[in-house]
Amino acid sequence: MSLPAVVTTERLTLPLWTAAEVADLVAGRRREGWHRDFPREDDRDAATMFHEGDPWGPRSIVRGATVLGSIGFFGPPDPAGPGGGVPETEVGYGLVEEARGWGFATEALRALLAEADAAGVKIRASVLPGNKPSIRVLAKCGFTELRGSDEDGQLVMARPLPR
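Report on the accompanying structure. Note that the structure is predicted; figures quoted are calculated from it, not measured.

As a further point, take the sheet that holds strand E2 (residues 12-15). Read across the open sheet, the eight strands follow the order E1-E2-E3-E4-E5-E6-E8-E7; overall the sheet is mixed. Looking along the sheet, the strands with just one partner apiece sit at the ends: strand E1 (6-8) and strand E7 (145-149). For this sheet, the mean angle separating the axes of adjacent strands, direction not counted, is 25°. For strand E5 (residues 88-95) and strand E6 (residues 122-127), the ladder comprises three bridges, and the chain directions are parallel.

Dropping the structure here:
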């Protein structure tokens, strides 16, 4: 089960992070092309899940030449996922405030979900109950299964594999 290093959409590019990018992100060094509000705290948290060469790791959300946020899976799929033996992993995403409301999160998530579907992997996501914009993104992308809440009080939602 592998994913391409770069996923593209009509408006976005979703490249995997490199070790050099993660080092700069963690150290607080700025890079050319990063939006002035990137990285956010969630992006720095995603850096803790980085493993060189892991196609299921964090990626940038890039529009034109500007990094607007991040998206990625929380590691490779668990081959015996909780969905009845179907491989499964979790996805997370986030954008700088200025980039919200333009459909970028939905577009990026749909693109990664298409790759996960092709690999036969079920995807789940955790979201705070009050984060209505993110819940809308998940709903638009087919996350219809509500599994309850996790230990942090976040709703756990899953997306069935297309048939």
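Alright, that's what it looks like, and here's the rest.
As for its position among the elements, Glu-90 is in strand E5. The exposure class of Glu-90 is buried, given its relative accessible area of 13%. A distance of 2.8 Å separates a polar atom in the side chain of Glu-90 from a polar atom in the side chain of Ser-126. Ignoring sequence-local partners within four residues, the contact set of Glu-90 consists of Gly-72, Phe-73, Phe-74, Arg-124, Ala-125 and Ser-126.

Using the criterion set out here, one finds two aromatic pairs in the structure. Their ring planes at 80° and their centres at 5.1 Å tell us that Trp-34 and Phe-38 sit as a pair that is edge-to-face. Of the residues examined, Trp-34 reaches a relative accessible area of 9% and is grouped as buried. Take Phe-38: its relative accessible area is 1%, and that puts it in the buried class.

Next up on the list: the environment of Asp-150. Assignment of secondary structure puts Asp-150 in the loop between E7 and strand E8 (155-159). Judged by relative accessible area, which is 19%, Asp-150 ranks as buried. A C-alpha to C-alpha distance of 9.5 Å links Asp-150 and Val-127, two positions 23 residues apart in sequence. Setting aside residues no more than four positions away along its own chain, Asp-150 makes contact with Ser-126 and Val-156.

The set of residues buried in helix H1 (residues 19-27) consists of Val-22, Asp-24 and Leu-25. Buried residues of H1, seen end-on, are gathered within an arc of 165° and therefore sit on one face of the element. On its buried face, H1 sits against helix H2 (41-47). Immediately beyond the C-terminal end of H1, within one or two residues, lies Gly-28, with a positive phi of roughly 80°.

In terms of nonpolar packing, the biggest core is built from 41 residues, with Leu-14, Ile-71, Leu-109 and Phe-143 touching the most fellow members. With sequence-adjacent residues up to four places away left out, Leu-14 is seen in contact with Ala-5, Val-6, Val-7, Arg-59, Ser-60, Ile-61, Ile-71, Ala-108, Ala-111 and Leu-112.

Cut-offs applied
Throughout, a residue's number is its position along its own chain's written sequence, starting from 1. Restriction of local features to residues with pLDDT of at least 70 applies here, the model being predicted, together with a cutoff of 80 or more for giving and counting side-chain atom pairs; totals for whole chains, interfaces and linings are based on all residues. To get the side-chain values, all heavy atoms of the structure are used, and hydrogens and water are removed first. Whether two strands pair depends on DSSP finding at least two bridges between them. Here a strand is any run of E in DSSP of at least two residues, a helix any run of H or I of at least four, and the numbering for each starts at the N terminus. For helices, the fitted line uses only the C-alpha atoms of the stretch in contact; every axis is such a line through C-alpha atoms, and the angle between N-to-C directions lies from 0 to 180 degrees. Each residue is assigned to one of three classes by its accessible area relative to the maximum for its type, calculated with a 1.4 Å probe on protein chains only: buried under 20%, partly exposed between the two thresholds, exposed over 50%. Polar contact is the term for a pair of N or O atoms within 3.5 Å; when the atoms are in protein, one must be able to donate a hydrogen and the other to accept it, and sequence-neighboring residues count only if both atoms are side-chain atoms. We call two residues in contact whenever any of their non-hydrogen atoms come within 4.5 Å of each other. Each Phe, Tyr or Trp ring (for Trp, its six-membered ring) is paired with any other whose centre lies within 6.5 Å, and the angle between the two planes then decides the class: stacked below 30 degrees, edge-to-face above 60, tilted in between. The arc in question is traced by the directions running from the helix axis to the C-beta atoms. Side-chain atoms within 4.5 Å are what join buried Ala, Val, Leu, Ile, Met, Phe, Trp, Tyr and Cys residues into a set we call a nonpolar core.

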